Amino acid sequence: MNSCLLCEKPLDDQPTWQQFLGIEKQTSTCPVCLAKFERIDSITKTDQLDSIYSLYAYNEQAREYLHQFKFLQDIALAYVFASDLRSVLIDPKKIIVPIPMHPASKKRRTFAQIDALLEAAGIPFQELLQKTTESVMGEKTRSERLAIIELFTASADIISNEKIYVLVDDIYTTGTTLQHAAHTLKQAGAERVEAVALFRATGKK
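Since we're looking at a predicted model, the values are computed, not measured.

### Re the overall build of the protein chain
Here is step 1: Per the secondary structure count, the protein chain includes 8 helices and 7 strands.
Here is step 2: Counting all 205 residues of the protein chain, 44% fall into the buried class.
Here is step 3: Counted over contacts in the protein chain with a minimum sequence separation of 6, partners at least 24 positions apart contribute 71%.
Here is step 4: Summed over all atoms, the accessible surface of the protein chain reaches about 11,600 Å², with 51% contributed by carbon and sulfur.

### Considering the sheet that holds strand β2 (residues 51-57)
To summarise the sheet geometry, strands pair through backbone hydrogen bonds and adopt either a parallel or an antiparallel arrangement.
Here is step 1: Strand order across the open sheet formed by 5 strands is β1-β2-β7-β6-β3, with mixed pairing between neighbours. The two strands at the open ends of the sheet, each matched to only one other strand, are β1 (39-44) and β3 (94-98). Between one strand axis and the next, the sheet turns through 20° on average, direction left out of account.
Here is step 2: Looking at chain direction, strand β6 (residues 164-172) and strand β7 (residues 192-200) are connected through 8 bridges and run parallel. Across the sheet, residue Y172 finds its bridge partner in β7, namely R200.
Here is step 3: Along the sheet face, helix α6 (residues 113-120) touches β3, β6 and β7 and points at about 115° away from the line of β6.

### Quick word on the pattern of salt bridges
Here is step 1: Scanning the model with the defined rule gives 6 salt bridges in all.
Here is step 2: As a salt-bridge pair, D84 and R39 come within 3.3 Å of each other at their nearest N and O atoms. Of this pair, D84 sits in helix α4 (residues 82-89) while R39 sits in strand β1, placing them 45 residues apart in sequence.
Here is step 3: Judged by relative accessible area, R39 falls into the partly exposed class, the value being 35%.
Here is step 4: A salt bridge links R192 to E194, with the shortest nitrogen-to-oxygen separation between them at 2.8 Å.
Here is step 5: Three or more residues are tied together by salt bridges with common partners; here these are R39, D41 and D84.

### Focus on unusual backbone geometry
Here is step 1: Positioned with a positive phi, D41 is a non-glycine residue whose angle comes to about 45°.
Here is step 2: Here D41 lies in strand β1.
Here is step 3: By relative accessible area, which is 35% here, D41 ends up partly exposed.
Here is step 4: In this model, Q73 sits at a positive phi of 60°, which is unusual for a non-glycine residue.
Here is step 5: Considering the arrangement of structural elements, one finds Q73 in the loop between α3 (60-71) and α4.

### Things to note about the environment of T202
Here is step 1: In this structure, T202 sits in the segment after β7.
Here is step 2: Taking C-alpha positions, T202 is 6.7 Å from Y58, a pair spaced 144 residues apart along the chain.
Here is step 3: Discounting residues that sit within four places of it in the chain, T202 has contacts with I40 and A57.

### Description of the packing of aromatic side chains
Here a ring pair, both rings aromatic, is described through the centre-centre distance and the interplanar angle of the planes.
Here is step 1: In this structure the tally under the stated criterion is 12 aromatic pairs.
Here is step 2: One residue, R39, lies across the ring of Y56, its end atom 5.2 Å from the ring centre.

What counts, and where the lines are drawn
- Residues numbered from 1 in each chain as written.
- Predicted model: local features only at pLDDT ≥ 70, side-chain atom pairs only at ≥ 80, totals over all residues.
- Heavy atoms only, no water.
- Helix = DSSP H or I, 4+ residues; strand = E, 2+ residues; numbered from the N terminus.
- Buried < 20%, exposed > 50% of the residue type's maximum accessible area, 1.4 Å probe, protein only.
- Contact = heavy atoms within 4.5 Å.
- Areas by Shrake-Rupley, 256 points an atom, 1.4 Å probe, with all protein chains shown as cover.
- Pairing = 2+ DSSP bridges.
- Axes fitted to C-alpha atoms, helices over the stretch in contact; angles between N-to-C directions.
- Salt bridge = Lys/Arg side-chain N within 4 Å of Asp/Glu carboxyl O.
- Phe/Tyr/Trp six-rings, centres within 6.5 Å; stacked < 30°, edge-to-face > 60°.
- Lys NZ or Arg CZ within 6 Å of the ring centre and 35° of its normal.

Purely geometric stuff here, so don't read any function into it on its own.
Take a look at the structure:
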């Protein structure tokens, strides 16, 4: 019997008629754990980003999830939100671009969490950006964030096309990281850049 990836309690492995018909997907997380995440489906935009879609609020359950996933290196947790990410990212008109880690940070953590989320969801992506600093934007003051000139470089020029470039990140806090990434893609030739964030900081405890 399979167990919930978050609480490790057994999942009911009896298939439902919805699963037989392909309507309902098998889950790796129990309903009790999933209910602790706050779905917000928030959409906003900035001067560089044509759209930012955030799936969940960054609440206590989200904090615990990211800590276990990123810092305790529990890579199996990448599958928790696989279905959610597929539902918003699978589109032939979209080119998915993960927010990259600095190589030194990736070496310490042993894996890139955004790549792992996309791979678990079976979503093809292109690594069009390289990060130039190990700095974490959420830990900087506003003046420090404004002082940073370039967070990313583009791996190549982007040929003008009708594709929508979609940045993917785990959490949207100040927006600085996504803004810099979108600016870099547009400077390289992208016409429309959107973003999808798994969590968004709402200011609520």
